[in-house]
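Each chain is listed here by its residues.
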Amino acid sequence: MSRPTRPSRFWETFAVVVVKPLSRLLVKRDWRKGDRIPRTGGVIIAANHLSWTDPVLLSHFLYNNGRWPVILAKSGLFKVPFLGRAVTALLAIPVERGSSEAARSLRLSAERLGDGCAILFYPEGTCTRDPDLWPMVGKTGAARLALESGAPVIPVAHWGAQELLPYGEKKPRLFPRKTFHVSVGPPVDLSKYAGKPAHGDVLRDATADIMAAITEQLAELRGETAPATPYDPAGR
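Residues numbered from 1 in each chain as written. Predicted model: local features only at pLDDT ≥ 70, side-chain atom pairs only at ≥ 80, totals over all residues. Heavy atoms only, no water.

## A few points about the sheet that holds strand β2 (residues 43–47)
The condition that has to hold: Criterion used throughout: strands pair if DSSP finds at least two bridges between them. Helical segments are the DSSP runs of H or I of at least four residues, strand segments are the runs of E of at least two, and each set is numbered from the N terminus. All axes are obtained by fitting lines to C-alpha atoms, using only the stretch in contact for helices, and the reported angles, taken between N-to-C directions, cover 0 to 180 degrees.
With mixed pairing, the 7 strands of this open sheet are ordered in space as β1-β7-β6-β2-β5-β3-β4. Each of the sheet's edge strands pairs with one partner strand only, and the pair in question is β1 (27–32) and β4 (93–95). Pairwise comparison of adjacent strand axes, ignoring direction, gives a mean angle of 25 degrees for this sheet.

## Some thoughts on a nonpolar patch on the surface
Going by this rule: Patch members must show over 30% relative accessible area and no salt bridge, and they are joined within 9 Å when carrying like charges or within 5 Å when they are nonpolar side chains of Val, Leu, Ile, Met, Phe, Trp or Tyr. In this description, accessible areas are obtained by the Shrake-Rupley approach with a 1.4 Å probe, and a residue is regarded as covered only by the protein chains that are shown. Only one rule defines a salt bridge in this text: a Lys or Arg side-chain nitrogen within 4 Å of an Asp or Glu carboxyl oxygen.
Residues Phe-10, Phe-14, Val-18 and Phe-82 make up a contiguous nonpolar surface patch of roughly 410 Å² in combined accessible area. Looking at the element boundaries, Val-18 is found in helix α1 (residues 9–26).

## Focus: α1
Heads up, the condition is: Multiplying 1.5 Å by the residue count of a helix minus one yields the expected span of that helix. For the exposure calls, accessible area comes from a 1.4 Å probe over protein chains only, and a residue counts as buried if that area is under 20% of its type's maximum, exposed if over 50%, partly exposed in between. Whether two residues touch is decided by their heavy atoms; if any such pair falls within 4.5 Å, the residues are in contact.
Under the 1.5 Å per step criterion, the end-to-end length of α1 is 25 Å for 18 residues, consistent within 8% with the ideal 26 Å. When we look at burial in α1, the residues that qualify are Trp-11, Glu-12, Ala-15, Val-16, Lys-20, Ser-23 and Leu-26. For α1, the elements touching its buried residues are β1, α2 (54–64), α3 (83–89), α6 (161–164) and β7 (178–184).

## Remarks on unusual backbone geometry
Looking along the chain, the bond that leaves Phe-175 and enters Pro-176 is cis, with omega of -10 degrees. Here Pro-176 shows up in the loop between α6 and β7. In this structure, Phe-82 takes a positive phi of about 65 degrees despite not being glycine. Here Phe-82 shows up in the loop between β3 (69–74) and α3.

## Notes on helix α7 (residues 201–222)
Taking 1.5 Å of rise per residue, 22 residues should cover 32 Å, and α7 covers 31 Å from first to last C-alpha, within 8% of that figure. In the stretch just after α7, Gly-223 is the one whose phi turns positive, near 65 degrees.

## Describing the side chain of Arg-3
Heads up, the condition is: As used in this structure description, the phrase polar contact means that two N or O atoms lie within 3.5 Å; if the pair is within protein, one of them must be able to donate a hydrogen and the other to accept it, and residues adjacent in sequence are counted only when both atoms belong to side chains.
Mapped onto the elements of the fold, Arg-3 is located in the segment before α1. Within the structure, Arg-3 has its side chain in polar contact with the backbone oxygen of Pro-7 (distance 2.7 Å). In contact with Arg-3, other than residues within four places in its own chain, are Ser-8, Arg-9 and Glu-12.

## What to know about the nonpolar core
Side chains of nonpolar character tend, in soluble globular proteins, to be buried together. Here is the rule we go by: Nonpolar cores were defined as sets of buried Ala, Val, Leu, Ile, Met, Phe, Trp, Tyr and Cys residues, with membership established by side-chain atoms within 4.5 Å.
Grouped together as the largest cluster of nonpolar side chains are 42 residues, with contacts concentrated most on Ile-44, Val-70, Ile-119, Phe-121, Val-153, Leu-190 and Ile-210. The dominant element in this core, judged by the number of residues it contributes, is α7, at 10 residues. The residues touching Ile-210, leaving out its near neighbours within four places in the chain, are Ala-46, Pro-123, Ala-142, Ala-143, Val-153, Val-188 and Leu-190. By size, the runner-up hydrophobic cluster in this structure holds 21 residues, among which are Leu-62, Ile-71, Ala-118 and Phe-180.

## Concerning the pairing of strand β6 (residues 153–159)
The side chains of a regular strand alternate, first on one face of the sheet and then on the other. Across the 7 residues of β6, 7 count as buried, placing the element largely inside the fold. Sheet topology note: the β2/β6 ladder contains 4 bridges and is parallel. Of the residues in β6, the one forming a bridge with Ile-44 is Val-153. As defined by bridge partners, β6 adjoins β7 across 4 bridges and the pair is classed as antiparallel.

Dropping the structure here:
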């Protein structure tokens, strides 16, 4: 039986058996507004990025809210024995950073959206370098995909993964047990860009709208006021 939006039953069961118990063991949960995630149809899930554990913890959240997350993963993972076979079978999309092959990941993402998949996108492209861990200026891939496909963009913010495994560290901080907070915002309104060419200022402005929506959810989770201007690692 064809399952265009999900892996084979074997690989889905394998992932669930591994990920869900691991996630429950590592963190407590504070999950909010999961009902805002569309249960069917192609959708872009745009999230902030804090830790290497983000994909595992967010995948658990999305799965429990009715969606199989199609993750964009570093191409190197696909070359690791067994792991490469597993991530391929789980529908992950390889990303070649700094290469013309990066465009291929967007083409594959567009194809998966057409099949009705939920694409988990980190618009920042890497874990935030903001000193206070607010979302940075985003890259334009998610906005381009949204404008060209017409798929809705659902902003998701999370907090707590960085306490479990801070960026750059290899050893998790297991005790005391951390809480993984997640909040989902309403679809980002990109209607003002409809019919405009998806390049230049249009992409940058649409990306800024997506990042602002993520930041708004994160500010609510943290109970703090976000910076007026997002951190730009390029210093612009």
